[in-house]
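Residue-level structural notes
This is what each chain is made of:
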Amino acid sequence: MDALSERNPRVVSAVKLQRAAARRKAGRFLAEGSNAVTAALETGRVRELFYSLAAAKRDTALIAGAEASGVRTTLVSDRAAEHLGETVTSPGLVAVCDLIDVPLAEVLASAPRMLAVPVEIAEPGNAGTLIRVADSVGADGVILAGDTVDPHNGKTVRASAGSVFHVPVARSRDVGATLDALAAQGITVLATAAKGEVDLDDADELFAGPVAWLFGNEAHGLPAEVTARADHRVRIPIRGRAESLNLATAAAICLYANSRVRYRD
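Computed from a predicted model, the values in this text were never measured in an experiment. (Residues numbered from 1 in each chain as written. Predicted model: local features only at pLDDT ≥ 70, side-chain atom pairs only at ≥ 80, totals over all residues. Heavy atoms only, no water.)

Considerations on the UniProt feature "domain: RNA 2-O ribose methyltransferase substrate binding" (unreviewed entry) in the protein chain
Selection criterion: UniProt positions are given in the numbering used here, feature names are shortened, and annotations may be inferred rather than shown by experiment. We count a stretch as a helix when DSSP gives it H or I for four or more residues in a row; a strand needs E for two or more, and each element gets its number in order from the N terminus.
Per the UniProt entry, the sites bearing "domain: RNA 2-O ribose methyltransferase substrate binding" (unreviewed entry) are residues 30-103 in this numbering. End C-alpha to end C-alpha, residues 30-103 measures 21 Å, and it is 42% helix and 28% strand.

Re the sheet that holds strand 3 (residues 72-75)
To keep it simple, the criterion reads: Strands were regarded as paired on the criterion that DSSP finds at least two bridges between them. To get an axis, a line is fitted to the C-alpha atoms, and for a helix only the part in contact is used. The angle between two axes follows their N-to-C directions and goes from 0 to 180 degrees.
One open sheet holds the four strands; their spatial order is 1-4-2-3, and the pairing between them is mixed. Strand pairing shows two members of the sheet lacking a second neighbour, strand 1 (28-32) and strand 3, which therefore form its edges. Pairwise comparison of adjacent strand axes, ignoring direction, gives a mean angle of 20° for this sheet. For strand 2 (residues 46-51) and strand 3, the ladder comprises four bridges, and the chain directions are parallel. Bridging from a neighbouring strand, Tyr51 pairs with Leu75 of strand 3.

Section: the sheet that holds strand 5 (residues 101-102)
The sheet built from eight strands is open, its strands ordered 5-8-7-6-11-9-12-10 with parallel pairing. Lying at the two open borders of the sheet, with one neighbouring strand each, are strand 5 and strand 10 (198-199). The pairing of strand 5 with strand 8 (residues 169-172) spans two bridges and is classified as parallel. The residue bridging Asp101 from the neighbouring strand is Val169, located in strand 8.

Re the environment of Leu206
Test applied: Buried means the residue's accessible area, taken with a 1.4 Å probe over protein chains only, is under 20% of the maximum for its type, while exposed means over 50%, and partly exposed covers the values in between. Working rule for contacts: check all heavy atoms of both residues, and any pair within 4.5 Å makes them a contact.
Its location among the elements puts Leu206 in the loop between strand 10 and strand 11 (211-215). For Leu206, a relative accessible area of 15% translates into the label buried. The sequence separation of Leu206 and Thr188 amounts to 18 residues, and the corresponding C-alpha distance is 7.9 Å. Excluding residues that lie within four positions of it along the chain, Leu206 makes contacts with Leu190, Val198, Val211 and His232.

A short note on the pairing of strand 7 (residues 141-145)
Buried residues dominate strand 7, accounting for five of its five residues. Neither face of strand 7 is open: one carries Gly141, Ile143 and Ala145, the other Val142 and Leu144, and all of them are buried. Where strand 6 (residues 114-118) lies against strand 7, two bridges are found, and the strand directions are parallel. Bridge pairing links Ala116 to Val142 in strand 7.

Some points on the packing of helix 8 (residues 124-136) against helix 12 (residues 247-262)
Quick note on the threshold: Relative orientations are named as follows: roughly parallel for angles under 35 degrees, roughly antiparallel for angles over 145 degrees, roughly perpendicular for angles from 65 to 115 degrees, and oblique for any other angle. Only Asp, Glu, Lys and Arg are considered charged, only Ala, Val, Leu, Ile, Met, Phe, Trp, Tyr, Cys and Pro nonpolar, and every remaining residue, Gly among them, polar.
Here helix 8 crosses helix 12 at 10°, and the two axes come no closer than 9 Å. The orientation of helix 8 with respect to helix 12, classified from their angle, is roughly parallel. Residues Asn126, Thr129, Leu130, Val133 and Ala134 of helix 8 touch helix 12, and the partners they reach there are Leu247, Ala248, Ala251, Ala252 and Leu255. Its residues assigned to classes, the contact of helix 8 with helix 12 comprises eight nonpolar, two polar and no charged.

As for the environment of Asp98
Using the following cut-off: The definition of a polar contact used here is a pair of N or O atoms within 3.5 Å, where within protein one atom must be able to donate a hydrogen and the other to accept one, and adjacent residues in sequence count solely through side-chain atom pairs.
On the secondary structure map, Asp98 appears in strand 4 (residues 93-98). The buried category is assigned to Asp98, whose relative accessible area is 17%. When the C-alpha atoms of Asp98 and Arg47 are compared, they prove to be 7.2 Å apart, with 51 residues separating the residues in sequence. Not counting residues within four places of it along the chain, the set of residues in contact with Asp98 comprises Gly27, Arg28, Phe29, Arg45 and Arg47. Separated by 2.8 Å, the side chains of Asp98 and Arg28 make a polar contact. Separated by 2.6 Å, the side chains of Asp98 and Arg47 make a polar contact.

Topic: the pattern of salt bridges
The condition is simple: Whenever a carboxyl oxygen of Asp or Glu lies within 4 Å of a side-chain nitrogen of Lys or Arg, that contact is scored as a salt bridge.
As enumerated under the stated definition, the model contains 20 salt bridges in all. Here Glu48 ties to Arg10 by a salt bridge, and the two come within 2.6 Å at their closest N and O atoms. You can see Glu48 sitting in strand 2 and its partner Arg10 sitting in helix 1 (residues 9-16), a full 38 residues away along the chain. Here Arg10 falls in the partly exposed class, since its relative accessible area comes to 27%. In this structure, the salt-bridge partner of Arg23 is Asp150, at a minimum N-O distance of 3.0 Å. Residue Arg23 is found in helix 2 (residues 20-26), and its partner Asp150 is found in the loop between strand 7 and helix 9 (154-160); the two are separated by 127 residues along the sequence. Within this structure, Arg23, Asp101, Asp150 and Arg171 form a network of salt bridges that share partners.

This is the structure we're talking about:
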């Protein structure tokens, strides 16, 4: 089998999916590396799998499984693999996948008990890490509210380590409408706030019913008007001398505390 070069039209089209506009137009995005590709294959979202000779030797079973399930598998040259990959050292395994985001109404229709709602999250790596955390604690979905990073961004997908394929992810541009929709479902909205009136250590009773956690932008936190609309503002006790916690760490602490109560029985 001849390996496709970086100039092959299929490779060229796939490389274009590294840009948001091309992803929107095609309804496809790229998943890179064995973790992400395995998760994508398990959910039936892969349309084509490109692999290098090195990947063919390393991930033989994965590629054979993809082929057996009807996915088009394509050997590419090392140079083509470098073009397809977005990391410094390409793993030589890149899948073209259907987009993963779903409508907000679909997430809410599943009667979620625990949601992560980052508001205007801007850093792709943080978004991916938060999605991975949500997956780890058994959250029912992630709602990217406001003007946010694209969950199909390559860095986001890599940081999620496959979790973008496990947890429902919705995008909702209007923050106010998002809060309205959560309230209409009877979901308690909690905002993380340094001066919140509820200490996380004392919040267990709030976790008895469905909860949505609002997490703020990395640089600016939650807008005051959004914080004010939450049912409760929760502070994470900081017992050392650190001034604050970063977004992903704060999310992990809050979601784990919520999960501990939700899955206690």
